[in-house]
Protein chains: 2
Amino acid sequence: MADPVTLAVSTVIFALRPHPTTRLPVLWTPLVRRIRAPHQGKWALPGGPLGADEGLAAAAGRTLRETTGLTPRYLEQLYAFGSLDRAPSAAERMVSVIYWALVRAEEADAGIESVNVRWFVADELPELAFDHALILEYALWRLRNKVEYSRIAAAFLGESFTLAELRAVHEAVLQRRLDPANFRRQIEASGRLVPTGEFRTGGRHRPARLFRHDESIELADNGPLTGL
Amino acid sequence: MADPVTLAVSTVIFALRPHPTTRLPVLWTPLVRRIRAPHQGKWALPGGPLGADEGLAAAAGRTLRETTGLTPRYLEQLYAFGSLDRAPSAAERMVSVIYWALVRAEEADAGIESVNVRWFVADELPELAFDHALILEYALWRLRNKVEYSRIAAAFLGESFTLAELRAVHEAVLQRRLDPANFRRQIEASGRLVPTGEFRTGGRHRPARLFRHDESIELADNGPLTGL
């Protein structure tokens, strides 16, 4: 028989909001200040122990709601961390199943913020509890990879958007400029976008064609696990 | 404090081998017959409880070696399964972290096979223990998705290969014919292949250019977790 393990479920949440200095959109993530030992006073991912009567995704959703007030549309399992040195004491074994969630800026704005719950620029984090700095580094890396081959960027946008708005999301996630003509070609070749037939008008610009993502492609891509 | 959880680590292994009837290459997977209750006599994924002194990936590698004799080059975490109904008794809570591995046919041939360890065609499985049928369905779905956007197919090939050999792997994984000219265009556009400068000669065919994958792209793509 195996030694029992303590299982925690935590969630990395990303939203795009303006950088406090540059005002350009960058990734932000909410963290929770630990109010007890170990690592008391340090910032940590929202999460907590797995409840006896809930599944993994349900635990992620619950702890997110409780700490940040968020109920993201995009909530997906990211990775299970279980190396030997991550429990607070050597006698304990702690495995964390990490979920990740992407929310739009409006959702992030409507969430809870308090002295113990605060949003940080994801590339400018304070010292974090446990191995949460590694977990965040991994989540950022996965997001920056996944934005290249999936419709994940849509989680930051409304139902319909212009190519310029979609490119701005990619640029904010990747933190680099993308050539507009190349971007348009790649997106068109991917076959993931459908024109809505409508246009964004107003301002000093020409009317811009609106697109939506092909809805036959799932936003959170769980295949046979959908609805589990 | 959370209720303790029993944590198991199991691995889905895939290899391409000829189908027993059609002789065309198809995905196979090794399973282990359970020699004790619950689900005694049913086939299950190779795996077992997490040892007190090993990380998750180490547990996957160890149980694989012990049951199948395999030490795959490609071993990656797939998903953590933790729904409430998956433990044998209602009093227990069982979470399984699943890894997946891809091996070449020669490696599969060199593995252990016995009355209690047998390879099956992945789309023609017997009744499986626990929720392992769902886990295998999920792993197949992930593989068939991932082959489209990553260099994962290389795990089934040697160091260098022709475009026709790579296409045969994609066709065997996806179980459908691919147009050779379209396939060549997509692979060239992906920028993932590098010509070795050498050619495969022999047989009745023209010499065929050999390629290898760009080695700056990791086979098992773990980003900041590499070496963990």
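Chain A goes by NUDIX hydrolase in an unreviewed UniProt entry, where it is assigned to Brachybacterium endophyticum.

K.L.:
Even after reading the chapter, I still don't get the overall build of chain A, so can you show me in this structure?
P.N.:
Within chain A one finds five helices and ten strands. Since a compact globule built from 228 residues should have a radius of gyration of about 17 Å, the 19 Å found for chain A is in line with a globular shape. Reported as C-alpha extents along the three principal axes, the dimensions of chain A are approximately 65 × 45 × 25 Å. Across the 228 residues of chain A, 50% fall into the buried class. Per element, the accessible surface of chain A, about 11,100 Å² overall, is 50% carbon and sulfur. With 28 positive and 27 negative side-chain charges, chain A shows a separation of 5 Å between the mean positions of the two kinds.

K.L.:
Mind showing me how you'd approach helix H4 (residues 163-174) of chain B here?
P.N.:
It helps to recall that an α-helix has 3.6 residues per turn; residues three or four apart then point in one direction. All names here are of chain B. Between its first and last C-alpha atoms H4 spans 16 Å; for twelve residues at 1.5 Å apiece the expected length is 16 Å, and the two agree. Burial of H4 is extensive: nine of the twelve residues sit out of reach of the surface. Three or more residues of H4 are buried, namely Leu 163, Leu 166, Arg 167, Val 169, His 170, Glu 171, Ala 172, Val 173 and Leu 174. Here the buried face of H4 lies against strand E1 (6-18), strand E2 (25-33), helix H3 (132-146), helix H5 (180-190), strand E8 (193-200) and strand E9 (208-213). Looking at the residues trailing H4, positive phi occurs at Gln 175, about 60 degrees.

K.L.:
Explain unusual backbone geometry to me, please; I cannot follow it from the model alone.
P.N.:
Leave glycine aside and you will find that most residues have negative phi; peptide bonds, for their part, are mostly trans. All names here are of chain A. Residues Ala 37 and Pro 38 are joined by a peptide bond in cis, for which omega reads -5 degrees. Relative to the elements of secondary structure, Pro 38 occurs in the loop between strand E2 (25-33) and strand E3 (43-44). Despite not being glycine, Arg 23 shows a phi value in the positive range, around 65 degrees. Its location among the elements puts Arg 23 in the loop between strand E1 (6-18) and E2.

K.L.:
Please clarify how the relation of the copies chain B and chain A should be interpreted in this entry.
P.N.:
Two copies of the chain are present, and they differ by a rotation about an axis and a shift along that axis. Note on the identical chains: chain B maps onto chain A by a rotation of 180 degrees and an axial translation of 0.0 Å, with an RMSD of 0.0 Å. Overall, the copies show the geometry of a two-fold rotation axis. Taken together, the interface assignments show that 100% of the residues at the interface of chain B recur at the interface of chain A, consistent with an identical surface on both copies.

K.L.:
Whenever I open this one, the packing of aromatic side chains confuses me. Can you help?
P.N.:
Two measures describe an aromatic ring pair: the distance that separates the ring centres and the angle between the ring planes. Across all of its chains, the model carries ten aromatic pairs over all chains by this definition. Here the aromatic rings of B:Phe81 and B:Tyr138 are separated by 6.1 Å at their centres, their planes lie at 80 degrees, and the arrangement is edge-to-face. In this pair, B:Phe81 sits in strand E5 (residues 74-81) while B:Tyr138 sits in helix H3, placing the two residues 57 residues apart along the sequence. In this pair, the class of B:Phe81 matches that of B:Tyr138, namely buried. Of the aromatic side chains, those joined through ring pairs into one cluster are A:Tyr79, A:Phe81, A:Tyr138 and A:Trp141. The residue whose ring lies beneath A:Arg17 is A:Trp28, and the NZ or CZ to ring-centre distance is 6.0 Å. The side chain of B:Arg17 reaches across the aromatic face of B:Trp119, ending 4.8 Å from its centre.

K.L.:
Even after reading the chapter, I still don't get the domain arrangement of chain A, so can you show me in this structure?
P.N.:
Accessible area lost when the parts come together is the quantity often used to give the size of an interface. Residue and element names in this part refer to chain A. By domain assignment, chain A separates into domain 1 (6-146) and domain 2 (152-213). Using only C-alpha atoms to locate each centre, domain 1 and domain 2 end up separated by 28 Å. The interface is formed by 15 residues belonging to domain 1 together with twelve residues belonging to domain 2. Between domain 1 and domain 2 the total buried area reaches about 1,200 Å² when both faces are included, carbon and sulfur atoms providing 70% of it. On the domain 1 side of the contact with domain 2, Leu 16, Arg 104 and Arg 144 bury the most area, a combined 38% of that side's loss. Viewed at the interface, domain 2 and domain 1 are joined by zero salt bridges. When residues of the side of domain 1 that touches domain 2 are traced back to their parent elements, those giving at least two are E1, E2, strand E6 (94-103) and helix H3 (132-146).

K.L.:
I tried to follow the interface of chain B and chain A on my own but got confused; where do I start?
P.N.:
The interface of chain B with chain A comprises 37 residues on the first partner and 37 residues on the second. Together chain B and chain A conceal approximately 3,200 Å² of surface at their shared face, both sides included; 69% is due to carbon and sulfur atoms. One can count zero salt bridges joining chain B with chain A. Between chain B and chain A we count eight residue pairs in polar contact (both at pLDDT 80 or more) in total. Elements with a contribution of two residues or more to the side of chain B that touches chain A: E1, E5, strand E6 (94-102) and H3 of chain B. Looking at side-chain class alone, the side of chain B that touches chain A contains 22 nonpolar, eight polar and seven charged residues.

The rules behind these values
Residues numbered from 1 in each chain as written. Chains lettered and ligands numbered in written order. Predicted model: local features only at pLDDT ≥ 70, side-chain atom pairs only at ≥ 80, totals over all residues. Heavy atoms only, no water. Helix = DSSP H or I, 4+ residues; strand = E, 2+ residues; numbered from the N terminus. Rg over C-alpha atoms; globule rule 2.2 N^0.38 Å. Buried < 20%, exposed > 50% of the residue type's maximum accessible area, 1.4 Å probe, protein only. Areas by Shrake-Rupley, 256 points an atom, 1.4 Å probe, with all protein chains shown as cover. Lys, Arg positive; Asp, Glu negative; His and termini not counted. Charge placed at Lys NZ, Arg CZ, Asp CG, Glu CD. Expected span 1.5 Å × (residues − 1). Contact = heavy atoms within 4.5 Å. Least-squares fit on C-alpha atoms with pLDDT ≥ 70 in both. Phe/Tyr/Trp six-rings, centres within 6.5 Å; stacked < 30°, edge-to-face > 60°. Lys NZ or Arg CZ within 6 Å of the ring centre and 35° of its normal. Domains from an automatic or database assignment. Buried area = accessible area lost by both parts, 1.4 Å probe. Salt bridge = Lys/Arg side-chain N within 4 Å of Asp/Glu carboxyl O. Polar contact = N/O pair within 3.5 Å; in protein donor to acceptor, adjacent residues only side chain to side chain. Nonpolar A, V, L, I, M, F, W, Y, C, P; charged D, E, K, R; others polar.

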